[in-house]
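# A structural walkthrough
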Amino acid sequence: MKKIRKAVIPAAGYGTRFLPVTKATPKEMLPIVDKPTIQYIVEEAMESGIEEILIISGHGKRAIEDHFDSAPALEMELKSKNKLDLLKLVRDTADVNIHYIRQRYMRGLGDAILCAKSFMEGEPFAVLLGDDVVYNPAKPALKQLMDIYDATGGSVLGCQNVRPEDVSSYGIVAGEETENERLMRVSNMVEKPAIDEAPSTLAVLGRYIIKPQIFELLEKTKPGKGGEIQLTDALCRLAELDTVYAYDFEGKRYDVGDKLGFLKATVEFALRREDLGEDFANYLKDLTGKMK
Ligand code: G1P
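Quick look at the structure, then. (Residues numbered from 1 in each chain as written. Predicted model: local features only at pLDDT ≥ 70, side-chain atom pairs only at ≥ 80, totals over all residues. Heavy atoms only, no water.)

## Some points on the packing of helix H10 (residues 259-271) against helix H11 (residues 277-291)
Direction vectors running N to C along H10 and H11 enclose 125°, while the axes themselves pass 7 Å from each other. In terms of their interaxial angle, H10 and H11 are classed as oblique. Every residue of H11 that contacts H10 at Val267, Ala270 and Leu271 is listed here: Gly277, Phe280, Ala281 and Leu284. Residue classes in the contact of H10 with H11 are distributed as six nonpolar, one polar and no charged. (Axes fitted to C-alpha atoms, helices over the stretch in contact; angles between N-to-C directions. Helix = DSSP H or I, 4+ residues; strand = E, 2+ residues; numbered from the N terminus. Parallel < 35°, antiparallel > 145°, perpendicular 65-115°, else oblique. Contact = heavy atoms within 4.5 Å. Nonpolar A, V, L, I, M, F, W, Y, C, P; charged D, E, K, R; others polar.)

## Things to note about the site of the ligand
Around the ligand sit Leu109, Leu129, Asp132, Tyr170, Gly171, Glu191, Lys192, Val204, Gly206, Tyr208, Gln230 and Thr232, and those are all the residues in its vicinity. One nitrogen or oxygen atom from the side chain of Glu191 is found 2.6 Å from an oxygen atom belonging to the ligand. Protein chains shield 80% of the accessible area of the ligand, which is 380 Å² for the free molecule. A total of three residues in the shell around the ligand trace back to one element, the largest contributor, which is strand E11 (residues 202-210). Among the residues forming the shell around the ligand, the class breakdown is five nonpolar, four polar and three charged. (Near = heavy atom within 4 Å. Polar contact = N/O pair within 3.5 Å; in protein donor to acceptor, adjacent residues only side chain to side chain. Areas by Shrake-Rupley, 256 points an atom, 1.4 Å probe, with all protein chains shown as cover.)

## Re helix H1 (residues 37-47)
Of all 11 residues making up H1, eight are buried, and the element is well covered by its neighbours. Two residues or fewer after H1 comes Gly49, characterised by a positive phi angle close to 100°. (Buried < 20%, exposed > 50% of the residue type's maximum accessible area, 1.4 Å probe, protein only.)

## Here we look at the nonpolar core
Ile38, Ile50, Ile53 and Ile209 are the most contacted members of the largest nonpolar core, which totals 47 residues. With six residues, helix H7 (residues 141-152) is the single largest residue contributor to this core. With sequence-adjacent residues up to four places away left out, Ile209 is seen in contact with Ile4, Phe125, Ala126, Leu142, Leu145, Met146, Tyr149, Ser155 and Val156. (Core = buried A, V, L, I, M, F, W, Y, C linked by side-chain atoms within 4.5 Å.)

## Things to note about the packing of aromatic side chains
All chains considered together, the criterion is met by six aromatic pairs. Seen from their ring centres, Tyr40 and Phe269 are 5.1 Å apart, and the 70° between their planes marks the pair as edge-to-face. One end of the pair, Tyr40, is in helix H1; the other, Phe269, is in helix H10, with 229 residues separating them in the sequence. In this structure an aromatic cluster arises from ring pairing among Tyr40, Tyr135, Tyr254 and Phe269. In this arrangement the basic side chain of Arg272 is found over the ring face of Phe269, its NZ or CZ atom lying 5.0 Å from the centre. (Phe/Tyr/Trp six-rings, centres within 6.5 Å; stacked < 30°, edge-to-face > 60°. Lys NZ or Arg CZ within 6 Å of the ring centre and 35° of its normal.)

## Section: the pattern of salt bridges
On inspection of all chains with the given rule, the structure shows 29 salt bridges. Across the salt bridge formed by Asp92 and Lys88, the nearest N and O atoms sit 2.7 Å from each other. With a gap of four residues between them, Asp92 and Lys88 both fall in helix H4 (residues 84-92), about one helical turn apart. In this structure, Asp286 engages Lys290 in a salt bridge whose closest nitrogen and oxygen atoms are separated by 3.2 Å. (Salt bridge = Lys/Arg side-chain N within 4 Å of Asp/Glu carboxyl O.)

Right, here's the structure in full:
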C-alpha cells in the first residue's frame with residue numbers, strides 16, 4: 001500500500017465572505033493572532049508527516065508564495081539586531097517543501113483538486129481546506145485520518161457532527177457503522193443539502209485522504225450544487241466503486257471562513273498563548289463584566 005506523502009491545499013477562492021479585506025489580501029493570509037490561517041494548515045500537514053505540499057493558487061494570491069519563501073533582507077536585519085527568536089520564526093516558514101499551481105477558472109473545489117492530478121503521480125494524497133482549522137495538540141486531525149488509511153487502505157473523510165441548522169453549509173455523509181465507533185463506511189454523500197433532505201448531521205470538515213482514482217471521476221463529474229464541479233459528487237461515486245470511510249476526528253474545529261468562527265478562533269488561540277493568554281483573559285473578564 002502506498003504511503004501518504006503529498007497534500008493539496010486549495011487556496012484560489014475569492015474570499016467574498018471577508019470583503020473588503022480580501023479585495024487585495026488573500027483570505028488565507030488573514031492572521032489568527034500573528035500567524036496566517038494557511039500556516040496553521042501547512043503546519044498540521046507537516047506535523048502529520050506530509051513531505052510535499054501543493055497549493056492551488058490563483059489571481060491576487062502572491063502573498064502566500066512570499067510568506068513561504070526566504071526573505072533575505074529581513075533575515076539580515078534581524079540577524080544584525082540579534083533578534084534570533086524572530087529570525088527563527090521567519091526562517092521556519094521558508095523551510096517547507098511547497099509547490100504552486102494556478103487554477104485558471106473558478107469552477108469549484110472538485111476542479112481545484114483536479115489541478116493536482118499530475119503532481120500526485122498516481123499516489124493517494126491528502127486534502128486540507130483552509131477554512132477549517134483544527135486544534136488538537138495531541139494528534140493532528142490529518143494524522144488521525146492517515147492512521148485510518150494505513151489501517152484500512154480506504155479513502156478517509158474527516159468528519160464531525162454539526163447542528164441540524166448548519167447541514168446546508170457542508171458535504172453531508174450517510175453510511176454504515178463499523179466496529180470502531182468513530183468510523184463509518186460511506187454509502188451516500190450530498191453537498192450542502194437542505195435540512196429536511198440531509199441524510200445525517202455528519203459533515204465533511206476540510207480533511208480528506210483520497211485515492212488517485214478520484215481524478216478520473218472528477219474529469220467526468222458534471223457541475224452540481226451552485227453550478228460548480230463538486231468534490232463531494234466525485235467522492236460519492238468513488239464510494240460506489242471502492243471503500244470510502246468517514247472518520248469522526250478528535251479536535252476542536254473552527255470555521256475560519258465565517259466571520260463569527262474566525263473571531264472565536266482568534267480569541268481561543270490568543271487565550272492559549274503563553275505570552276498573551278493571561279492578560280487577554282483578564283481583559284475579557286473585565287470587558288464582559290462592564291458589558292452586562
Ligand atoms: C467545502 C466542501 C464541503 C465541505 C466544506 C468543509 O465547501 O464543498 O463538502 O463540507 O468545504 O469546510 P465550502 O465551504 O468550500 O463551500
